Amino acid sequence: MRIGIGYDIHALAKGRKLLLGGVSIPHSHGLLGHSDGDVLLHAIVDAVFGALGEGDLGDHFSDKDPRWKGADSRMFVKEALLCLKKRKLAVAHIDSVIIAEAPKLGKYKEAIKKSVASAFGLPLSSVGVKAKTNEGFDAIGRGEAIACQAVVSLKKGK
Ligand code: MG
């Protein structure tokens, strides 16, 4: 049995698109990043590499590498899926937490879950997406950043 844990945090800034799990969410601010800043996909892919025992997201996709500048984070998912395939492994289940003070994500959770499931080729019942605030504490609570945590378990693949 293999399990990986992933974490990421990105700063919010004006004039950026807010992408969570590949879903574009209307908000006054978006996430800064070398890529598209999709903090949820980054945390999940980080967890995949953890479960593989193959480092972290930054080891595979350096933020100094021009190839990933402005990259759609679903590219990282595709690369992670290829790494799994090479090892004859596959994702069994993903659970995740988005920690954001704003915007309120309740009405987007289902769309985010569908998008993550589709990116990883999983049924909806194999993906968890939870959203919470930081109760006003710290940078996340002040609306300066959004963080995500993820856990991924692997199974035998083809
Ligand atoms: Mg990141």
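Look up a bit, the structure's there.
These notes cover the structure that comes with them. (Residues numbered from 1 in each chain as written. Predicted model: local features only at pLDDT ≥ 70, side-chain atom pairs only at ≥ 80, totals over all residues. Heavy atoms only, no water.)

1. Quick notes on the overall build of the protein chain
The line we're drawing: Helix and strand definitions follow DSSP, with helices as H or I runs of at least four residues and strands as E runs of at least two, each counted in order from the N terminus. For every residue, the accessible area obtained with a 1.4 Å probe (protein chains only) is divided by the maximum for its type, and the residue is called buried under 20%, exposed over 50%, and partly exposed between those limits. We call two residues contacting when some pair of their heavy atoms lies within 4.5 Å. Accessibility throughout is a Shrake-Rupley quantity obtained with a 1.4 Å probe, and a residue counts as covered only by protein chains that appear here. Counted charges follow a simple rule, with Lys and Arg positive, Asp and Glu negative, and His plus the chain ends left uncounted. Where a charge lies is defined by one atom per residue type: Lys uses NZ, Arg uses CZ, Asp uses CG and Glu uses CD.
Counting its secondary structure elements, the protein chain contains five helices and seven strands. Helices (α) and strands (β) of the protein chain occur, in sequence order from the N terminus, as β-β-β-β-α-α-α-β-α-β-α-β. Projected onto its principal axes, the C-alpha coordinates of the protein chain cover approximately 45 × 35 × 25 Å. When burial is assessed residue by residue, the protein chain has 47% of its 158 residues classed as buried. Counted over contacts in the protein chain with a minimum sequence separation of 6, partners at least 24 positions apart contribute 72%. Roughly 8100 Å² of accessible area belongs to the protein chain as shown, and the carbon and sulfur atoms make up 54% of that amount. Distance between charge centres in the protein chain, computed from 24 positive and 17 negative side chains, equals 8 Å.

2. Details of unusual backbone geometry
Across the junction of Ala102 and Pro103, the peptide omega takes the value -5 degrees, indicating a cis bond. Its identity is not glycine, yet Asp138 carries a phi of approximately 60 degrees, on the positive side. With respect to the helices and strands, the residue Asp138 is situated in helix α5 (residues 138-141). Owing to a relative accessible area of 55%, Asp138 belongs among the exposed residues under this scheme.

3. Quick word on the pattern of salt bridges
As a reminder, the rule being used: Any carboxyl oxygen of Asp or Glu within 4 Å of a side-chain nitrogen of Lys or Arg constitutes a salt bridge here.
A complete count under the given rule lists six salt bridges for this structure. A salt bridge links Asp65 to Arg67; its shortest N-O distance comes to 2.9 Å. Assessed through its relative accessible area of 19%, Asp65 is described here as buried. Since its relative accessible area comes to 62%, Arg67 is described here as exposed.

4. So, the environment of Lys158
Relative to the helices and strands, Lys158 resides in the segment after β7 (145-156). Using a relative accessible area of 88% as the deciding quantity, one classes Lys158 as exposed. With sequence-adjacent residues up to four places away left out, Lys158 is seen in contact with Lys85 and Lys88.

5. Remarks on the side chain of Ser126
With respect to the helices and strands, Ser126 occurs in the loop between α4 (109-120) and β6 (127-132). Assessed through its relative accessible area of 12%, Ser126 is described here as buried. Once residues within four sequence positions are removed from consideration, Ser126 is found in contact with Ala92, His93 and Ile94.

These figures come from the coordinates and say nothing about function on their own.
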